[in-house]
Amino acid sequence: MILAKLSRQKPPPLSLSSTRHLLSTSAAAAASAAASRLRSLYAFEPPPSLRPQSPGPGPRPPAKKKTKPPYRPPSSLDRTKIKAVRSDLPFDFRFSYTESSPSVRPIGLREPKYSPFGPGRVSREWTGVCAPAVDRKARSAEEGAEDPKLEEKRKAMRESIQGEPLTGAERKILVERCQRHRTNRHINIGRDGLTHNMLNDIHNHWRRAEAVRIKCMGVPTVDMKNVCFQLEDKTFGKIIHRHGGQLVLYRGRNYSSKRRPAIPLMLWKPHEPIYPRLIKTTIEGLSIEETKEMRKKGLAVPALTKLAKNGYYGSLVPMVRDAFLTNELIRIDCRGLEKSDYKKIGCKLRDLVPCILVTFDKEQIVVWRGQDYKPLEDVQFPMDWDENPNGTLLDGVEDVRSSDSSSNEQWLSSSDDESSDS
């Protein structure tokens, strides 16, 4: 009787949680059985998404890595207190070292004396043209007198970094490593020449290699002698190879990237100061009518050469000097070049040839040799810095290093120049 009553009673209803537990356990058992069968027959390992997961407590999944905030470049608008960078480099900080000269004084400024390094970022004051290396105790750039021992400090620093000179075999190896077919790492020097921020780029390349390839194009190549001098003078390196506009700059035996000099970076390009007019209304020694006639005649003579954009102009100065032996007026075709570019080229020709600038009209450079022209005697043109069979540098190298930089000025078009060129 008791067994009959128990059999007639209905089983208790299952709760929702117990139902889910039974379904999960049955599914896990089926999945494990299928996985074990596949593993035994085909050596199959199920992916993590098909593996049975125990509902009980287990290791938590790894937390997502926090994303790095995006890079924010330094801005002069930041009002936070920034510690001023102190640099012991024994020369004045300028925007361009090859296209400007400390001996040329501007007649005015296009903007107030606002530092391109940002407010309070450099221990030196900006004068509108450069940040001079003055005495640290001086309150302003005008009060600090130039240190007479700067040249001695520069020479001692260079000698300590360079160490013993390279042998012929070492130089060949370094030059071969910097060739175009071996590495793509190089630095381009364009119309602005050797700028201040390029010094930092050169030191960054020297962290990974002992030498860096530098490609010079455009305006600076008119005076490669000055480019080579400024590179060695400002970086304390040594040019071990030159072929046209291609240079190889060696860092030195005792160079250490950890002891590299502090180089504050310019955050923007400063405005050009105002220089005197490059071409005046009348040429010195001529009347107004004679000047007009000479300009018309100069634009009609055949062009000596046509300058390509971003080309190599290393042979332009000797070409003009040779042409002056037979011709009084020389015309150089500059169509396609920026106006500021062929004005800089004309200024370099005036100082290096030397000659008298006549006009820049119609994208042409017209130069006059002058009334009492005398060809220069014993002119030594800079030779390519290549290696002879003995493994030593050519004589032109020493001539380049010992010479002072030519007084190349940076002339840009202004409102005053527009009226004077016409």
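What counts, and at which threshold
Per chain, residue numbering runs from 1 following the sequence as it is written. Selection of residues for local features in this predicted model requires a pLDDT of at least 70, selection of side-chain atom pairs for listing and counting requires 80 or more, and totals for whole chains, interfaces and linings are taken over all residues. Heavy atoms from the whole structure form the basis of all side-chain values; hydrogens and water molecules are not counted. DSSP-based pairing: two strands are paired if at least 2 bridges between them are found. Secondary structure is summarised from DSSP: a helix means a run of H or I of at least four residues, a strand means a run of E of at least two, and numbering begins at the N terminus for each. In this analysis, axes come from line fits to C-alpha atoms, helices being fitted only over the stretch in contact, and the angle between any two N-to-C directions falls in the range 0 to 180 degrees. Note on definitions: a residue-residue contact is assigned when non-hydrogen atoms from the two residues lie within 4.5 Å. Here the term buried applies to any residue with accessible area under 20% of the maximum for its type, exposed to any over 50%, and partly exposed to those in between, with areas from a 1.4 Å probe on protein chains only. Confidence scores per residue from the predictor, reported as pLDDT, run from 0 to 100.

Chemist: What exactly am I supposed to notice about the sheet that holds strand β8 (residues 329–333) here?
Modeler: Strand pairing in a sheet is mediated by backbone hydrogen bonds. Such pairs are either parallel or antiparallel. Spatially, β7-β8-β10-β9 is the arrangement adopted by the four strands of the open sheet, whose pairing is mixed. Strands at the two margins of the open sheet, each flanked by one partner only, are β7 (303–306) and β9 (356–359). Averaged over all neighbouring strand pairs, the angle between strand axes comes to 30 degrees, with direction disregarded. Two elements, β9 and strand β10 (residues 364–368), share three bridges in a ladder whose sense is antiparallel. The residue of β10 that forms the bridge with Thr359 is Val366. Across the face of the sheet, helix α8 (residues 316–323) comes into contact with β7, β8 and β10 while running at roughly 170 degrees to β7.

Chemist: Would you take a moment to explain the environment of Ala262 for this structure?
Modeler: For Ala262, the position within the fold is in the loop between β6 (246–250) and α7 (288–300). According to the relative accessible area criterion, Ala262 is partly exposed, its value standing at 35%. For the pair Ala262 and Ser87, spaced 175 residues apart in the sequence, the C-alpha separation amounts to 5.2 Å. In contact with Ala262, other than residues within four places in its own chain, are Val85, Arg86, Ser87 and Leu89.

Chemist: How should I be thinking about the confidence of the model for the protein chain in this particular structure?
Modeler: Should pLDDT be low for a region, the predicted coordinates there are not to be read in detail. On average, the protein chain scores 78 in pLDDT, and the residues at 70 or more come to 70%. Note that pLDDT drops below 50 for residues 136–145; the model gives that stretch 13 contacts with residues more than four away or on any other chain. Across residues 381–422, confidence stays below pLDDT 50; counting only partners more than four residues off in sequence or on other chains, it has 108 contacts.

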